[in-house]
Amino acid sequence: MPYATATATTAAAVCAPPQPAAVPAVPAVAAPAVAPDQPRDRSSWLRFSPAQPLFRARAAQRLAVLAYHGITDPRSFGAQLDRLRRLATPVSVQDVERSLAECRPLPPRSVLVTFDDPDRTVLRHALPELVARRIPAAAFVIAEVVGTEQPFWWHEAAFLARHGGRARLLPRGGDPARVLALLKALPDPDRRRSLAELRVSASRRPPAQEQLHPEDLRALREADVTVGNHTLGHPSLRRCDEATVHAEIAGAHRALTHWLGEAPSAFAYPDGGFDERADAVLRQLGYRLGFLSDHRLGPRLPAHPLRISRLQVDSTTSTRRFDTILSGLEPAVQRLLGAQA
């Protein structure tokens, strides 16, 4: 049995990591008063909740995988990394793989920094901050845009919708956010067809977006940033047929292997959702790690190596809110509010 398959199928049974304690209840707490001249930061008041110390203590025994995208505020991102250096133990993809191979939990307060859909801001802004602090990371690449000036398809669709683009399956004059939501919900052939119709009917073409080049991927790897697979074109895999799921993953796998001179071993699901068919393809190709975007902490020894939870965070996130995301308090509150809605 290949190593990746054995790891993915036996980690939970053989390593038998202890079950985490139940999530502490979130005590009711009033938001502190905010002066009129102070900007309000969504959820930052949770930093003062009496539940925060409880969640922080529990998080010490969990793995926090942070999922960023582009870096729009390098100074704030640097402050977040400084906080990780003081309060956590930054780990690499290789550290997680070694932990699984040895059935040994990662150190307490382990944190892995990752980027989905990395653009040139990751190279220009994130990489210097990471290197200066010797913090490893991972970047999950959309293969078909590498070396092009092609915008990400969701940026392109929003632009085309704002400039009169129409498609038979989309409402006329639709709000760009609504258009994107509908496109993501369509079966993948309908999404691609609708995007082509938007391109033909819009009054303007979107501006070019310079993407990373193969040599940039190699530069990231040399700076301790693992380059991983994020499919060829970032479809929602759950909206694809089985052949497309295989083509999206295997096609990106071949391209990354060619550019890097070695096969990638880590994958991030587009839109963050798990797919059983994708799981089978990843096992066949020898992947050792797969990452979701479910806004959760995970165990220090992942029970399901191809379904590792991640926390959504942004370079503009304030220090107070960053702390409550890292502890798991804000994600728990969001799930509670979602369940009550």
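Residues numbered from 1 in each chain as written. Predicted model: local features only at pLDDT ≥ 70, side-chain atom pairs only at ≥ 80, totals over all residues. Heavy atoms only, no water.

A few words now on the nonpolar core. Of all hydrophobic cores here, the largest spans 39 residues; its most connected members are Leu66, Tyr68, Leu84, Phe115 and Leu217. With residues up to four places along the chain from it excluded, the contact list for Tyr68 reads Phe77, Gln80, Val113, Thr114, Phe115, Asp116, Val313, Asp314, Ser315 and Phe322. Counting residues in hydrophobic clusters, the runner-up holds 19 residues, among them Trp154, Ala157, Phe159 and Leu160. (Core = buried A, V, L, I, M, F, W, Y, C linked by side-chain atoms within 4.5 Å. Buried < 20%, exposed > 50% of the residue type's maximum accessible area, 1.4 Å probe, protein only. Contact = heavy atoms within 4.5 Å.)

Okay, the environment of Leu237 next. In this structure, Leu237 sits in the loop between β5 (225-229) and α10 (242-260). The class of Leu237 is buried, set by a relative accessible area of 2%. Those residues in contact with Leu237, other than ones at most four positions away along the chain, are Thr231, Val245, Glu248, Ile249, Phe267, Tyr269, Pro270, Asp275, Arg277 and Ala278. (Helix = DSSP H or I, 4+ residues; strand = E, 2+ residues; numbered from the N terminus.)

Let's shift gears to the pattern of salt bridges. Evaluation of the coordinates by the stated rule reveals 21 salt bridges. The partner of Arg205 in a salt bridge is Glu156, with the nearest N and O atoms 4.0 Å apart. One end of the pair, Arg205, is in the loop between α8 (188-201) and α9 (214-222); the other, Glu156, is in helix α6 (residues 153-162), and 49 residues separate them in sequence. One salt bridge in this structure joins Glu262 and Arg221, with 3.4 Å as the shortest N-O distance. (Salt bridge = Lys/Arg side-chain N within 4 Å of Asp/Glu carboxyl O.)

An ideal rise of 1.5 Å per residue puts 20 Å on 14 residues; helix α3 (residues 74-87) measures up with 20 Å between its terminal C-alpha atoms. Of the surrounding secondary structure, the elements contacted by the buried residues of α3 are β1 (62-68), β2 (89-90), β3 (110-116), α5 (120-133) and α12 (319-327). (Expected span 1.5 Å × (residues − 1).)

We now examine empty space enclosed by the protein. Where empty space is left can be seen by rolling a probe of water-molecule size over the atoms. One pass over the full model with this rule turns up 3 cavities of 30 Å³ or more. Volume-wise, the largest cavity comes out at about 60 Å³. As for the largest cavity, its lining consists of Asp117, Pro118, Val141, Ile142, Val145, Val146, Phe152, Gln211 and Leu212. Residue classes in the lining of the largest cavity are distributed as 7 nonpolar, 1 polar and 1 charged. Taken as a whole, the second largest cavity encloses approximately 50 Å³ of empty space. (1 Å grid on protein atoms, 1.4 Å probe; cavity = no way out; pocket = protein on both sides within 12 Å on 5 of 7 lines; lining within 4 Å. Points joined across faces, edges and corners; volume = space filled by probe spheres on them. Nonpolar A, V, L, I, M, F, W, Y, C, P; charged D, E, K, R; others polar.)

Let us now look at the environment of His258. Relative to the helices and strands, His258 resides in helix α10. On the basis of relative accessible area, His258 is assigned to the exposed category, the value being 66%. Along the primary structure His258 and Pro214 are separated by 44 residues, whereas in three dimensions their C-alpha atoms are 9.4 Å apart.

With that out of the way, let us pick up the packing of helix α2 (residues 51-59) against α12. It is the contact of α2 with α12, at a shortest axis distance of 8 Å, that shows an interaxial angle of 55°. On the basis of their axis angle, the class for α2 and α12 is oblique. Across the interface between the two elements, Gln52, Phe55, Arg56 and Ala59 of α2 pack against Asp323, Thr324, Leu326 and Ser327 of α12. Each residue belonging to the contact of α2 with α12 can be placed in one class, and the counts come to 3 nonpolar, 3 polar and 2 charged. (Axes fitted to C-alpha atoms, helices over the stretch in contact; angles between N-to-C directions. Parallel < 35°, antiparallel > 145°, perpendicular 65-115°, else oblique.)

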